Protein chains: 2
Amino acid sequence: MKLSQKIEKCELSPIRKFYPYVVEAQKRGIKIHFLNIGQPDIKTPPVYFDAISDFRQEVLEYMPSPGIPELIEAIRTYYHRLGVAFDSGDIMVTTGGSEALLMAMLCILDEGEEVIVPEPFYPNYATFIRSAGGRICPIHTKPEEGYRYASREQVEPLINDRTRAILITNPGNPTGTILTPQELRLMADIAKEHDLFLICDEVYREFIYDGGELTTAASFRDVDENLILIDSVSKRFSACGARIGALISRNKALMEAATKIAQARLSVATLDQIGAAALYTVEPSYFNATREEYQRRRDVCYRKLKEIPGVVTTEPKGAFYTMAKLPVDSAEKFQMFLLKEFEDNGETVVFSPGEGFYATPGAGVDEIRIAYVRCVEELERALELLRMAIERYNNK
Amino acid sequence: MKLSQKIEKCELSPIRKFYPYVVEAQKRGIKIHFLNIGQPDIKTPPVYFDAISDFRQEVLEYMPSPGIPELIEAIRTYYHRLGVAFDSGDIMVTTGGSEALLMAMLCILDEGEEVIVPEPFYPNYATFIRSAGGRICPIHTKPEEGYRYASREQVEPLINDRTRAILITNPGNPTGTILTPQELRLMADIAKEHDLFLICDEVYREFIYDGGELTTAASFRDVDENLILIDSVSKRFSACGARIGALISRNKALMEAATKIAQARLSVATLDQIGAAALYTVEPSYFNATREEYQRRRDVCYRKLKEIPGVVTTEPKGAFYTMAKLPVDSAEKFQMFLLKEFEDNGETVVFSPGEGFYATPGAGVDEIRIAYVRCVEELERALELLRMAIERYNNK
């Protein structure tokens with residue numbers, strides 16, 4: 001039975017690819033330090049569960065397709081506090097940021113059309129773009145240059161007749177880079193001048209270190225027609241399992257197009273919307289505590305990586321990921337070595353090999369992504385294991 | 001800003017199109033009997049809410065992409081009781097039957113490829129097919145022939161190089177028809193002979209009247225490679241707001257393709273999966289009571305429709321919908337009349353005009369879909385209003 005060409009172009013998650021070897025190593029009694037998945041260990045605010053246990057309906061009905069008014073209002077208020085005004089019609093609740101991304105791609109891409117994405121990128125972007133029939137046109141960036149991409153020289157040569165959008169993650173996953181206000185402005189200018197959508201995935205908005213402040217693209221009111229914002233409660237409130245996100249845009253035609261899909265899928269799960277609305281009532285101190293904890297982890301991660309001879313990395317400024325170029329021939333081979341041969345005191349470590357974060361063939365083979373979502377003590381040990389393993393791998 | 005051609009070909013829900021006029025009529029104090037939306041009034045089994053209020057996690061994490069093992073096992077056991085064996089790898093939990101449908105279309109359709117669908121059909125099928133770049137190729141059926149479609153003469157002439165699948169709903173929404181075992185076998189034969197996917201949407205499986213029994217396509221083991229089953233807890237347990245469905249197939253390549261999308265969207269909401277697993281523990285008596293109640297409603301609905309001079313309809317045998325051809329020039333104009341001019345004792349009625357259920361231009365203009373999801377007394381009154389309104393509309 002023939003499957004679609006577009007799905008054949010998609011890949012299984014590179015982050016989950018080593019799972020069978022993880023299971024085997026665990027069977028051998030090896031303790032594994034997981035630096036591969038962006039699943040925070042920060043506690044979900046209990047208001048989520050409180051709101052849901054108080055909620056009963058005789059009939060668990062469909063909710064309105066764009067989301068329940070309480071949640072839309074909660075999101076609107078959250079943005080209002082950031083100094084950004086949205087009408088309720090600009091906000092559509094989605095099943096995670098994931099659904100918002102897929103909806104956006106289905107609304108703007110026909111077969112063979114392109115989205116410009118700085119690489120390394122969040123690998124699931126590729127699946128959403130390709131399953132909508134589109135292609136990724138990567139802005140290639142380098143570890144030696146801190147993975148920076150926001151310049152006319154890097155972006156404009158990639159624009160052609162088939163280009164429909166630029167997709168950026170800010171703060172960046174997997175690089176941890178943050179655009180300066182000038183860089184973000186430039187990306188908006190380029191999108192505007194070339195009539196492209198600017199899709200800004202800002203789900204890590206609260207995770208900015210060293211006192212930095214994020215400029216949200218939503219504050220540029222001259223790109224209302226171009227901007228599509230991807231949002232989510234997953235990381236903001238450590239509520240990944242709620243699967244509540246949002247597609248946000250002031251472009252009315254785009255929102256009407258997305259409504260066609262939203263109506264077809266009827267509604268987002270009722271209870272999760274109730275819980276998510278409650279999450280938006282947490283005190284700002286929640287974000288501060290989380291940010292401080294991640295900054296400590298970032299510091300450990302960066303310090304320990306710098307101590308490993310031959311590693312190229314840049315201090316991440318936001319999100320909770322970092323890329324690092326390792327002094328190994330292949331990060332995938334090295335990962336297999338970690339899972340099949342290496343151990344120190346019965347422990348080993350896994351990360352995400354870099355190749356899956358690139359669209360350019362051959363790029364990222366000696367890079368890895370680390371998610372620093374574990375406590376400081378575990379990170380210290382995990383990165384110590386990484387150092388030892390690199391040495392042993394290269395002396396084989 | 002240019003949107004995708006594929007989204008331009010999609011439409012807003014024809015079922016929700018008259019909503020602004022409904023609101024206006026309500027503002028004028030008119031009581032509206034809703035026969036337009038398939039939202040059952042049957043109580044959701046409280047085990048759903050019980051299971052969820054007992055559940056707390058410190059960190060609300062992502063769940064496995066194919067679904068939580070408890071729910072997959074519950075679905076497997078449910079099918080086992082129907083005499084159908086599935087491996088756990090054949091079942092993927094999805095965000096409603098809706099996500100299962102969209103995933104299936106993305107996995108099998110490239111631009112311009114076709115899905116054969118008997119019309120009238122569930123209008124959201126059109127959105128899922130078109131947003132995947134595909135086209136609906138309708139098997140045209142007629143009210144005078146009870147909307148039957150399962151014959152070689154009707155189906156085979158529609159198959160061409162671009163045909164990828166046949167999509168059927170059994171029991172049928174919007175027609176209430178049920179395929180005989182021989183008819184279902186024939187559809188399976190046709191799919192097999194022509195190497196097509198057979199997508200069977202069996203979400204109304206429990207809603208069969210007059211002692212009838214449904215043959216599930218999953219019992220034909222010679223079409224394992226062709227069959228994709230769409231399933232959902234929405235109607236089965238009156239839990240539409242849970243948004244829990246399933247994509248089920250023994251075709252391993254198809255399931256791996258769907259896994260690419262499932263991994264990209266990470267997971268289905270945790271709490272709803274916990275609740276849905278609990279729903280599968282309800283006693284079979286729950287289904288019997290529900291079936292009896294719907295059969296009473298079906299009886300009222302059919303009897304009252306037959307009493308209206310000039311109406312063409314067929315006794316529905318399953319699901320909770322019926323189509324009816326009215327003696328009016330246009331069901332849409334008539335609906336506007338109902339909402340803007342007609343009232344009896346301060347009451348009126350709405351249904352879904354038939355046109356949105358057809359792909360053939362001009363088809364269904366004098367037809368309507370009725371969802372008999374209201375109690376017997378309300379249905380009596382609503383259909384009485386329909387009779388009076390037709391008379392008054394034609395004497396204008």
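Before going into details, it helps to say that this report is about the structure given with it. Residue positions are given per chain, counted from 1 along the sequence in the order it is written. By the order in which they are written, chains take letters starting at A while ligands take numbers starting at 1. Predicted model: local features are reported for residues with pLDDT of at least 70 only, side-chain atom pairs are reported and counted for 80 or more only, and whole-chain, interface and lining totals are derived from all residues. Excluding hydrogens and water, the side-chain values take into account all heavy atoms of the structure.

1. Here's the deal with the pattern of salt bridges
Once their charged atoms are close, side chains differing in charge can pair, the charge on each being opposite to the other.
Residue and element names in this part refer to chain B.
And then number 1: Salt bridge, as applied in this entry: a Lys or Arg side-chain nitrogen positioned within 4 Å of an Asp or Glu carboxyl oxygen. Here the structure, examined in full by the defined rule, presents 80 salt bridges over all chains.
And then number 2: Note that Glu113 is salt-bridged to Arg164, the shortest N-O span being 3.8 Å. Placement of the pair is Glu113 in the loop between helix H5 (96–108) and strand S3 (114–119) and Arg164 in strand S5 (residues 163–169), with a sequence separation of 51 residues. In terms of burial, Glu113 and Arg164 fall into one category: buried.
And then number 3: Between Arg298 and Asp299 there is a salt bridge whose closest N-O contact spans 2.9 Å.
And then number 4: Each residue gets one of three labels from its accessible area relative to the maximum for its type: buried under 20%, exposed over 50%, partly exposed in between, using a 1.4 Å probe on protein chains only. What makes Arg298 buried here is its relative accessible area of 1%.
And then number 5: The partly exposed category is assigned to Asp299, whose relative accessible area is 35%. By definition, any uninterrupted DSSP run of H or I lasting at least four residues is a helix, any uninterrupted run of E lasting at least two residues is a strand, and each is numbered from the N terminus.

2. Concerning the sheet that holds strand S9 (residues 312–313) of chain A
Residues and elements named next belong to chain A.
And then number 1: Within the open sheet, the four strands sit side by side as S9-S10-S13-S12. Their pairing is antiparallel. The open sheet is flanked by S9 and strand S12 (352–353), the only strands paired with a single partner.
And then number 2: For two strands to pair, DSSP has to find at least two bridges joining them. One ladder, built from two bridges, connects S9 with strand S10 (residues 321–325); its direction is antiparallel. Opposite Thr313, over in S10, you have Ala324 as the bridge partner.

3. Section: the sheet that holds strand S13 (residues 367–371) of chain B
Residue and element names in this part refer to chain B.
And then number 1: Spatial strand order, S9-S10-S13-S12: four strands in an open sheet with antiparallel pairing. The open sheet has two free edges, formed respectively by strand S9 (312–313) and strand S12 (352–353), since each of these has just one partner strand.
And then number 2: Taken together, the two bridges between S12 and S13 define a ladder with antiparallel strand orientation. Opposite Ser352, over in S13, you have Arg369 as the bridge partner.

4. Describing the packing of helix H4 (residues 69–81) of chain A against helix H10 (residues 270–279) of chain A
Residues and elements named next belong to chain A.
And then number 1: At their nearest, the axes of H4 and H10 sit 9 Å apart, and the two run at 30° to each other. Taken together, the axes of H4 and H10 lie roughly parallel to each other. Crossing of H4 against H10: the hand is left-handed. On H10, the residues touching Glu70, Leu71 and Ala74 of H4 are Gln273, Ala276 and Ala277.
And then number 2: Three classes are used, and their members are as follows: Ala, Val, Leu, Ile, Met, Phe, Trp, Tyr, Cys and Pro are nonpolar, Asp, Glu, Lys and Arg are charged, and the others, Gly among them, are polar. Looking at the contact of H4 with H10 residue by residue, the classes come out as four nonpolar, one polar and one charged. Angular values range over 0 to 180 degrees, each being the angle between N-to-C directions of two axes fitted as lines to C-alpha atoms, with helices fitted over their stretch in contact. The scheme is simple: roughly parallel for angles under 35 degrees, roughly antiparallel for over 145, roughly perpendicular for 65 to 115, oblique for anything else. Should the near helix be turned counterclockwise from the far one by less than a right angle, the crossing is left-handed, whereas a clockwise turn marks it as right-handed. Residue contacts are defined here by distance: any two heavy atoms, one from each residue, within 4.5 Å place the two residues in contact.

5. A word on the nonpolar core
And then number 1: Counting residues in each nonpolar core, the largest one holds 284 residues, and the members touching the most others are Leu247(A), Phe334(A), Leu386(A), Leu247(B), Phe334(B) and Leu386(B).
And then number 2: Ignoring anything within four residues of it in the chain, the contact list for Leu386(A) reads Leu305(A), Ile308(A), Phe334(A), Val349(A), Phe351(A), Ile368(A) and Ile370(A). Definition used in this section: a nonpolar core is a set of buried Ala, Val, Leu, Ile, Met, Phe, Trp, Tyr and Cys residues joined via side-chain atoms within 4.5 Å.

6. Describing the interface of chain B and chain A
And then number 1: Each partner contributes to the interface: chain B provides 83 residues, whereas chain A provides 83 residues.
And then number 2: Note on definitions: buried area is the accessible-area loss of two parts on being combined, 1.4 Å probe, summed for both. Ranking the residues of chain B by area buried against chain A places Met1(B), Leu60(B) and Tyr62(B) at the top, with a combined share of 11%.
And then number 3: The interface formed by chain B and chain A includes six salt bridges.
And then number 4: Residues Arg56(B) and Asp50(A) are paired through a salt bridge, measuring 2.7 Å at the closest nitrogen-oxygen approach.
And then number 5: Distance and chemistry together define a polar contact, namely a pair of N or O atoms within 3.5 Å, with one atom able to donate a hydrogen and the other to accept it when in protein, and with adjacent residues in sequence counting only for side-chain atoms on both sides. Applying the counting criterion to the chain B and chain A interface returns 46 residue pairs in polar contact (both at pLDDT 80 or more).
And then number 6: Taken together, the elements giving at least two residues each to the side of chain B that touches chain A come down to helix H1 (5–8), helix H3 (47–53), H5, helix H6 (124–131), helix H9 (252–264) and helix H10 (270–279) of chain B.

7. Let's talk about the side chain of Ser330(B)
Residue and element names in this part refer to chain B.
And then number 1: If you trace the backbone, Ser330 turns up in the loop between strand S10 (321–325) and helix H12 (331–340).
And then number 2: Residue Ser330 is classed as buried on the basis of its relative accessible area, which comes to 14%.
And then number 3: A distance of 3.3 Å separates a polar atom in the side chain of Ser330 from the backbone nitrogen of Glu332.
And then number 4: A distance of 3.0 Å separates the side chain of Ser330 from the backbone nitrogen of Lys333, its partner in a polar contact.

8. Things to note about the relation of the copies chain B and chain A
Note on the chain copies: they are related by a rotation about an axis and a translation along it.
And then number 1: Here chain B sits on chain A after a turn of 180° about the axis and a move of 0.0 Å along it, with an RMSD of 0.0 Å. Put plainly, the chains are arranged around a two-fold axis. Residue Ser53(B), judged by its C-alpha, is the member of chain B lying nearest the rotation axis, at 2.2 Å.
And then number 2: A symmetric contact is evident, with 100% of the interface residues of chain B recurring at the interface of chain A. Superposing copies: least-squares fit, C-alpha atoms only, residues required to have pLDDT of at least 70 in both.

9. Let's talk about the pairing of strand S8 (residues 244–248) of chain B
Along a regular strand, successive side chains alternate from one face of the sheet to the other.
All names here are of chain B.
And then number 1: With respect to burial, S8 is a largely interior element, five of its five residues being buried.
And then number 2: Where burial is concerned, the two faces of S8 agree: the one with Ile244, Ala246 and Ile248 and the one with Gly245 and Leu247 are both buried.
And then number 3: As paired strands, strand S2 (residues 91–95) and S8 are joined by five bridges and run antiparallel to one another. Bridging across to S8, Met92 finds its partner in Leu247.
And then number 4: Pairing analysis gives four bridges linking strand S7 (residues 227–232) to S8, with the strands arranged antiparallel. Across the sheet, the residue bridging to Asp231 is Ala246, located in S8.

10. Examining unusual backbone geometry
And then number 1: Omega for the peptide link from Glu119(A) to Pro120(A) comes to 0°, which places this bond in the cis form.
And then number 2: Looking at the element boundaries, Pro120(A) is found in the loop between strand S3 (114–119) and helix H6 (124–131).
And then number 3: One non-glycine residue, Tyr147(B), adopts positive backbone phi at about 55°.
And then number 4: With respect to the element layout, Tyr147(B) can be found in the loop between strand S4 (135–140) and helix H7 (152–155).
And then number 5: Owing to a relative accessible area of 3%, Tyr147(B) belongs among the buried residues under this scheme.
And then number 6: A positive phi angle, close to 55°, is found at Asp195(B), a residue other than glycine.

11. Focus on the packing of helix H11 (residues 284–306) of chain B against helix H13 (residues 376–394) of chain B
Residues and elements named next belong to chain B.
And then number 1: The interhelical angle for the contact between H11 and H13, taken along N-to-C directions, is 15°, at an axis separation of 9 Å. Viewed along their axes, H11 and H13 adopt a mutual orientation that is roughly parallel. Considering the relative orientation of H11 and H13, their crossing is right-handed. Listed contacts from H13 to Arg296, Arg297, Val300, Cys301, Arg303, Lys304 and Leu305 of H11 are Val376, Leu379, Glu380, Leu383, Glu384 and Leu386.
And then number 2: Residue composition of the contact of H11 with H13, by class: seven nonpolar, no polar and six charged.

12. Some words on the packing of aromatic side chains
And then number 1: Whether two aromatic rings pair depends on their centres lying within 6.5 Å, for rings of Phe, Tyr and Trp, where Trp uses its six-membered ring; planes under 30 degrees apart make the pair stacked, over 60 edge-to-face, and the rest tilted. For the structure on display, the rule yields 44 aromatic pairs over all chains.
And then number 2: With 5.8 Å between their ring centres and 70° between their planes, Tyr286(A) and Phe287(A) make a pair best called edge-to-face. Accessibility classification places Tyr286(A) together with Phe287(A) in one group, the buried group.
And then number 3: Judged by centre distance (5.5 Å) and plane angle (90°), the ring pair of Tyr204(B) and Tyr321(B) falls under edge-to-face. Of this pair, Tyr204(B) sits in the loop between strand S6 (197–201) and S7 while Tyr321(B) sits in strand S10; the two residues are 117 residues apart in sequence, bridging distant segments of the chain. As far as burial versus exposure is concerned, Tyr204(B) and Tyr321(B) are alike and both buried.
And then number 4: For a lysine, the NZ atom is tested; for an arginine, the CZ atom; a charge sits over a ring if that atom is within 6 Å of the ring centre and within 35 degrees of the ring normal. One residue, Arg185(A), lies across the ring of Phe220(A), its end atom 4.6 Å from the ring centre.

Functional significance is not addressed by these values, which are geometric in nature.
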